[in-house]
Amino acid sequence: MFFCFSIVAAAQSRPVANVIYTQHIINSSVLGEERSILVRVPPNYERTDERFPVVYMTDAHPPFNGMMAGIIEQQAWSGQMPEMILVGIQNTNRSRDLTPSDDGQGGQVGGAPKFLRFIELEVFALVEKNYRTEPFRIFAGHSLGGLFAVYALTAQPDLFNAYIAASPVLDYDDNFVIKRAAELFKQNKDWNTRMFFGIGDEPQYIGGFNAFQNLLKKAKPQNLDFEFREFREENHGSVVLPVYYAGLRKIFAGWPPPPGSVAELENHYGRLSGRFGYKIVIPEAMLNQIGYQFLRAGNYAQAIEVFRKNVKNHPNAANCYDSLGAAYEKSGALKLAVENYEKAYKMAEARGETRLAQMAKASFERVSAKMK
């Protein structure tokens, strides 16, 4: 099943952004009920073999799922962060699943331990079996979902690499998670985690927000990078967008490279690889642009070197072979040009890249004719 969300520019019929979700139904043995998750993959997912970090979020109902997907796509497009897979968990009994304890006020509460096991054993298993994921997970939650974020950190700190909490209800059950965190922070542990907390003009929640902030400042947990920010012009509902945006920017601060040579770019992405725990290479489009700068300047040897590096980094990207074919053609190495144009058009055809396939095939036929 697919859910589609489109934004169409005024006076145009051409869609400028599309978010498509695949719905998966999990017959959960942990929760004893059916649960629905919505998975959104990057726009180029089917045309590459790349792997992606994953954002897991609660409250995957309109408008939150489309909002988060839009933030990711726009910021990845502008180079501020990588593209990511988005996994939204839809609610059945929100107060039950997202609260870590029984606050004595009645109702179904205290199901967070079981909900966390559901995520660990069943959601992760489905996502990582069926999608190309990198070992970097982000959790994002709002209100009780923000409370659950802190509970997850204290219960199983290695499940997620980073957390975003919007308007977290941290004073729930007499500051239950804050007290739990205070005990854990006494341990000599390397947390290796980033956290972002944001709140609007919400007097009812500011007490817990400030209490947890003060705890972190005092405890100074090793390698736990955190930020708390107030958005006083926002309310409990409107604050979610700026918090999720700012949280992702916090997590991926320093992602864009400064201008530099190919070697400097490799060093930059090497440092990012160490920080995020998986191999990150120079983006295909960035290296392709550098190669064409050399090609237009008549520096064919350096252009070929750059395009070959792009092929090595992105061996299943048809455009890399097309660019390498162009460089070989300019240099006079027509046989190698034909080989790469052929790879490009066949790969593009297989992946449904019609325009690239047509262009690469035309180049293949043109250069082949020259060699006769």
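Attention here is on the structure that accompanies the text. None of the values given here were measured: they were computed from a predicted structure. Here the residue index of a chain counts from 1 through its sequence in written order. Given that the model is predicted, a residue must reach a pLDDT of at least 70 before its local features are reported, and side-chain atom pairs must reach 80 or more before they are shown or counted; all residues, however, enter totals for whole chains, interfaces and linings. Calculation of side-chain values draws on the structure's entire complement of heavy atoms; hydrogens and water are dropped beforehand.

1. Considerations on the overall build of the protein
What counts, and what does not: Runs of H or I in DSSP of at least four residues are treated as helices and runs of E of at least two as strands, each being numbered from the N terminus. Exposure classes here rest on a 1.4 Å probe applied to the protein chains alone. A residue is buried below 20% of its type maximum, exposed above 50%, and partly exposed in between. Residues are treated as being in contact if the distance between any of their heavy atoms lies within 4.5 Å. For the area figures, the Shrake-Rupley method with a 1.4 Å probe applies, and any residue is considered shielded solely by the protein chains shown. Think of it this way: Lys and Arg go in the positive column, Asp and Glu in the negative one, and His and the chain ends go nowhere. Charge positions are represented by NZ for Lys, CZ for Arg, CG for Asp and CD for Glu.
Along the backbone of the protein there are 13 helices and nine strands. With the C-alpha coordinates aligned to their principal axes, the bounding extent of the protein is approximately 85 × 45 × 45 Å. Looking at the protein as a whole, 51% of its 372 residues qualify as buried. For the protein, the proportion of contacts with a sequence separation of at least 24, taken over those separated by at least 6, is 66%. Taken as a whole, the protein presents about 17,600 Å² of accessible surface, with 51% of it coming from carbon and sulfur. Here the protein contributes 41 positive and 39 negative side-chain charges, whose respective centroids are spaced 7 Å apart.

2. Here we look at the packing of aromatic side chains
Our working definition: In this analysis, rings of Phe, Tyr and Trp, with Trp reduced to its six-membered ring, are considered paired at centre separations within 6.5 Å, and the interplanar angle assigns stacked below 30 degrees, edge-to-face beyond 60, and tilted for intermediate values. In our convention, an over-ring charge means Lys NZ or Arg CZ found within 6 Å of a ring centre and within 35 degrees of that ring's normal.
Tallied over the entire structure, the rule returns 25 aromatic pairs. Summarising the aromatic geometry, the rings of phenylalanine 209 and phenylalanine 228 are spaced 5.2 Å apart at their centres and angled 80 degrees between planes, so their arrangement reads as edge-to-face. Within this pair, whereas phenylalanine 209 is found in helix 6 (residues 203-219), its partner phenylalanine 228 is found in strand 9 (residues 224-230), the two being separated by 19 residues in sequence. In this pair, the class of phenylalanine 209 matches that of phenylalanine 228, namely buried. An angle of 90 degrees between the planes, with centres 5.7 Å apart, marks the rings of phenylalanine 252 and tryptophan 255 as edge-to-face. The ring centre of tyrosine 45 lies 4.0 Å from the NZ or CZ of arginine 132, which sits over that ring. We note lysine 189 situated over the ring of tryptophan 191; from NZ or CZ to the ring centre the distance is 5.3 Å.

3. A few points about the environment of valine 243
Tracing the chain through its elements places valine 243 in helix 7 (residues 240-251). Sequence separation between valine 243 and arginine 229 is 14 residues; the distance between their C-alpha atoms is 8.4 Å. For valine 243, the residues in contact, after removing those within four places along its chain, are Ile164, Ala165, Ala166, Phe196, Gly198, Ile199 and Phe231.

4. Describing the environment of tryptophan 191
Mapped onto the elements, tryptophan 191 comes out in the loop between helix 5 (172-184) and strand 8 (193-199). Residue tryptophan 191 is classed as buried on the basis of its relative accessible area of 4%. Excluding residues within four positions of it along the chain, tryptophan 191 makes contact with Leu153, Pro157, Leu184, Phe185, Pro221, Gln222, Asn223 and Leu224.

5. A short note on the layout of surface pockets
Note the following rule: Site definitions follow a grid-based scheme: protein atoms alone, a 1 Å grid, a 1.4 Å probe that fits but cannot get out for cavities, and for pockets an open set with protein on both sides within 12 Å along at least five of seven lines, plus lining residues having an atom within 4 Å of a point. Grid points are joined across faces, edges and corners, and a volume is the space filled by probe spheres set on the points. Any residue outside Ala, Val, Leu, Ile, Met, Phe, Trp, Tyr, Cys, Pro, Asp, Glu, Lys and Arg is labelled polar, Gly included; the first ten of those are nonpolar and the last four are charged.
Considered as a void within the structure, the largest pocket measures approximately 1,600 Å³ in volume. As for the largest pocket, its lining consists of 42 residues, and the residues nearest its centre are Asn44, Glu50, Pro283, Glu284 and His314. At the level of elements, strand 4 (52-57), helix 1 (64-77), helix 9 (284-296), helix 10 (300-313) and helix 11 (318-331) are the ones that each hand at least two residues to the lining of the largest pocket. In terms of residue count, the dominant contributor to the lining of the largest pocket is helix 9 (five residues). Split by residue class, the lining of the largest pocket holds 22 nonpolar, nine polar and eleven charged.

Geometry only, nothing functional implied.
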